[in-house]
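# An overview of the molecular structure
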Amino acid sequence: MKQAVKTELFASKAPLEWAVIANGQLSTAQIPINAEGQVVEGGIEAQARQTMENFKHTIEAAELTMADVTQVLIYVTDRSQLPVFNKVYADYFEAPYPNRAAMIVAGLAREEMLCEVVAYAAVPTR
């Protein structure tokens, strides 16, 4: 049985939850949108920061910590953006780090988006 994680993030009109928990695992995807649902301006650094803040907020809304994150998939639209994203990403994790993959993609759901994160976290039995 899956359970939606209630967050304070913008309520999308798309048929989605920002995160769900099922079988002891949290699954989430995060994008660089603000509280009004707009993609933040300011380039890859601003978008990476907003995406990671949304991610951290979601993890905490699930009563987890970033240390519970087991895998992160990073999507950026240009190879030159990855070092900048990595710099921001490093502010959110400590060793042992989650398993991670990074992909350079032709585009994301919203044309102005430069990054997106998909992640999984272990949910302890309570």
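Above this text you will find the structure in question.
The structure presented is a predicted model; accordingly, all values stated were derived computationally and were not measured. Per chain, residues are indexed from 1 in the order of the written sequence. This being a predicted model, a pLDDT of at least 70 is required before a residue's local features are given, and a value of 80 or more before pairs of side-chain atoms are given or counted; all residues contribute to the totals for chains, interfaces and linings. Each side-chain value is worked out from all heavy atoms of the structure, with water and hydrogens disregarded.

### Some points on helix α1 (residues 43–61)
In DSSP terms, a helix is any run of H or I states spanning at least four residues, a strand is any run of E spanning at least two, and both are numbered starting from the N terminus. The span one expects for a helix is its residue count, reduced by one, times 1.5 Å. Its 19 residues give α1 an end-to-end C-alpha distance of 27 Å, which sits within 8% of 27 Å, the value for a rise of 1.5 Å per residue. Taken as a whole, α1 has its buried residues at Ile44, Gln47, Ala48, Thr51, Met52, Asn54, Phe55, Thr58 and Ile59. Viewed along the axis of α1, the buried residues span an arc of 155 degrees, placing them on a single side of the element. Type-normalised accessible area, obtained with a 1.4 Å probe on protein chains alone, sets the label of each residue: buried when under 20%, exposed when over 50%, and partly exposed for intermediate values. The arc in question is the one traced by the directions running from the helix axis out to the C-beta atoms.

### Thoughts on the environment of Asn99
Looking at where Asn99 falls in the secondary structure, it is placed in strand β5 (residues 99–104). Sequence-wise, Asn99 and Val72 are 27 residues apart; in three dimensions their C-alpha atoms are separated by 6.4 Å. Ignoring any residue separated from it by four or fewer positions in sequence, one finds Asn99 in contact with Thr70, Gln71 and Val72. Think of a polar contact as two N or O atoms within 3.5 Å of one another; within protein, one of them needs to be a possible hydrogen donor and the other a possible acceptor, and neighboring residues in sequence only count if both atoms come from side chains. At 2.9 Å, the side chain of Asn99 and the side chain of Gln71 are in polar contact. Throughout, a residue-residue contact means that at least one pair of heavy atoms, one from each residue, lies within 4.5 Å.

### Here's the deal with the pairing of strand β6 (residues 115–122)
β6 sits mainly inside the fold: 6 of its 8 residues count as buried. Direction of pairing for strand β4 (residues 69–76) relative to β6: antiparallel, over a ladder of 7 bridges. By the bridge assignment, Gln71 is partnered in β6 with Tyr120. By definition, two strands form a pair when at least two bridges between them are found by DSSP.

### What about the sheet that holds strand β1 (residues 3–4)?
Spatial strand order, β1-β2-β3-β6-β4-β5: 6 strands in an open sheet with mixed pairing. Strands with a single pairing partner mark the edges of an open sheet, and in this sheet they are β1 and β5. α1 rests against β2 (19–22), β3 (25–30), β4 and β6 of the sheet, and its axis sits at about 25 degrees to β6. Contacting β4, β5 and β6, helix α2 (residues 82–90) runs over the sheet at an angle of about 150 degrees to β4. To define axes, lines are fitted to C-alpha atoms, for helices over the stretch in contact only, and angles between the resulting N-to-C directions are given on a 0 to 180 degree scale.

### Side note on the packing of α1 against α2
Running from N to C, α1 and α2 cross one another at 35 degrees; their axes reach a closest spacing of 9 Å. Along this stretch, α1 crosses α2, giving a crossing that reads as right-handed. Contacts between α1 and α2 pair Ile44, Glu45, Ala48, Arg49 and Met52 from the former with Val84, Phe85, Lys87, Val88 and Tyr89 from the latter. Throughout, the ten residues Ala, Val, Leu, Ile, Met, Phe, Trp, Tyr, Cys and Pro are labelled nonpolar, Asp, Glu, Lys and Arg are labelled charged, and all others, Gly among them, are labelled polar. Considered class by class, the residues forming the contact of α1 with α2 number 7 nonpolar, no polar and 3 charged. Crossings are classed by handedness, with left-handed meaning an anticlockwise turn of the near helix from the far one by less than a right angle and right-handed meaning a clockwise turn.

Taken by themselves, the reported measurements are silent on function.
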